[in-house]
Amino acid sequence: MKKNIPILLILFALPFLVWANIDNPPAPGKYKLVIEGFDWGPAVSKVILHDANPTKETSAADFEVFVTRSSTLGEIPAAQTSGKRSVVYSYASDENGNRKDDGTHLTLVLAVSPVNPLGSGIQYLRMGNRASNVWIDYGVTVVHTKSGKSWGEEAGRIRPIVDEFDLTGKFTHENTTLTYGAFSPKNLKTKAPLIIWLHGGGEGGTDPTIALMGNKAFNYASPEIQVLFGEGAFVLAPQTPTFWMNSGEGMTRGQTNDIYNAAVFALIQDFVTKNPLVDPTRIYVGGCSNGGYMSLKLILEHPDYFAAGYISALAYNNEFISDAQVQKIKNVPMWFVHAKDDMTTKPDETVVPLYHRLKQAGAKNVFFTYYDNVYDITGFYGGNDFRYNGHWSWIYSHANVARTDFDGSPVILNGRPVTIMEWMAAQKKKK
């Protein structure tokens, strides 16, 4: 029986076949990857080809991009290990992808989407008794079909906004070590707020870029959000080596203590001490899922420390919050975001009853944006007709589009409707 040679193998072999009759075929050229963060996570959105010497006749249609995805940490589904990427557009640029008409480099813009795993440089892998998002080995081969010239050696990566963070943070408290990423606004003349983000259960580890890019958490450092805080705001993204709801003997939803809240609070205090331009009256804490649990835990433990909380997909079960604790936190400004079809952190067991208890206790500055589901807010992939996992309500927080209270009415501040970040920027703790 005749066996068919895999098409992908033939495509990868193209540049070598072109040069087969040359004694010393040219070495593949170098490229840089641009990895952007999207609502669903990071994706390789551009490939910058070094020394491509583009001309007016250079066409995106003449390039083919092939990728391989592998990891020694776990198994990637076969259909997601290799394939061809679609090239949308090309333009002359410098070595960092900045458009330049006389540039000697060529940037290829690649199609990305939430349903194309070949675009992603991370993978959710099960390792031992838990699963996490991890960076994988992402190989690229680019072929110019007319000449046979190829590029196959990575020369670096560019991560917009994320590269502006200090990603080397490490802090130890009583034998517990946490890593973290930190963003500092430039040219501050006065004290600035601190936005703390606590990641979800899939972003634990020792690489803060996962905590920032597993979803679009880095966006709190984007110009669009930073401008809402005057001269800007510090952004701190602590990372647990495992998961925030780790009780030491399993997972807690509030019924027992976790093993990390003392360490992460000590990290926050240390960061504030070492950054004297942080305004201690404007420290905001938020997170999603596991990080939503930890955000509420920190507010419960230290209600006088934080100026506000912003929590999505809360994983702290209402049944484990006492009436005394509700009284303790009712004056802390908080804004919750959740989706009705969240089957991971079920709203009727977490945020819905807690919100009502806070309001009944007299909370005046607590809001709750309650979505039917989580959909494509960009409109690129179907808008409201494209549905993400109902657990992913943090998308609305990261993009700063949450703007309504539980009954659907707009949240009003100083006579005008506001978004969650506009509201948060106005919160200030009394000295």
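Only a predicted model underlies this, so the values are computations on that prediction, with no experimental measurement involved.

*Asks:* Can you explain the overall build of the protein chain? Please cite residues and give values.
*Replies:* Within the protein chain, the secondary structure is distributed over nine helices and 20 strands. For 431 residues, the compact-globule estimate of 2.2 N^0.38 gives 22 Å, and the C-alpha radius of gyration of the protein chain, at 24 Å, lies within 12% of that figure. Principal axes of the C-alpha set define a box for the protein chain whose edges measure 80 × 55 × 45 Å. Across the protein chain, the fraction of contacts at a sequence separation of at least 24, relative to all contacts at a separation of at least 6, is 70%. Summing over all exposed atoms, the protein chain offers an accessible surface of approximately 19,700 Å²; the carbon and sulfur share of this is 51%. Within the protein chain, the 41 negative side-chain charges are centred at a point lying 3 Å from the centre of the 40 positive side-chain charges.

*Asks:* So what's going on with the side chain of Ser45? Residues and values would help.
*Replies:* By the secondary structure assignment, Ser45 is in strand E2 (residues 41–49). The class for Ser45 is buried, based on a relative accessible area of 4%. Setting aside its immediate chain neighbours within four residues, Ser45 contacts Val34, Glu36, Phe38, Leu108, Val109, Leu110 and Val112.

*Asks:* Could you give an account of the pattern of salt bridges, naming the residues involved and the relevant values?
*Replies:* This model, assessed by the stated rule, comprises ten salt bridges. The salt bridge involving Asp62 is made with Lys146; its shortest N-O contact spans 3.6 Å. Here Asp62, found in the loop between E2 and strand E3 (63–70), pairs with Lys146, found in the loop between strand E9 (137–144) and strand E10 (150–158); they are 84 residues apart in sequence, far enough to count as distant. Across the pair Asp323 and Arg357 runs a salt bridge whose closest N-O atoms are separated by 2.8 Å. Within this pair, whereas Asp323 is found in helix H6 (residues 323–329), its partner Arg357 is found in helix H7 (residues 351–360), the two being separated by 34 residues in sequence. On the basis of relative accessible area, Arg357 is assigned to the buried category, the value being 18%.

*Asks:* Pulling in residues and values, what's your account of the sheet that holds E9?
*Replies:* Here we have eight strands laid out as an open sheet, ordered E4-E3-E9-E10-E1-E2-E6-E5, and mixed in their pairing. At either margin of the open sheet sits one strand with a lone partner, and together these are strand E4 (82–85) and strand E5 (87–93). If you compare each strand with its neighbour and ignore which way they point, the axes differ by 30° on average. Across eight bridges, the pairing between strand E1 (residues 29–38) and E2 is antiparallel. Along E2, the bridge assignment pairs Glu36 with Ala43.

Quick notes on the rules
Residues numbered from 1 in each chain as written. Predicted model: local features only at pLDDT ≥ 70, side-chain atom pairs only at ≥ 80, totals over all residues. Heavy atoms only, no water. Helix = DSSP H or I, 4+ residues; strand = E, 2+ residues; numbered from the N terminus. Rg over C-alpha atoms; globule rule 2.2 N^0.38 Å. Contact = heavy atoms within 4.5 Å. Areas by Shrake-Rupley, 256 points an atom, 1.4 Å probe, with all protein chains shown as cover. Lys, Arg positive; Asp, Glu negative; His and termini not counted. Charge placed at Lys NZ, Arg CZ, Asp CG, Glu CD. Buried < 20%, exposed > 50% of the residue type's maximum accessible area, 1.4 Å probe, protein only. Salt bridge = Lys/Arg side-chain N within 4 Å of Asp/Glu carboxyl O. Pairing = 2+ DSSP bridges. Axes fitted to C-alpha atoms, helices over the stretch in contact; angles between N-to-C directions.

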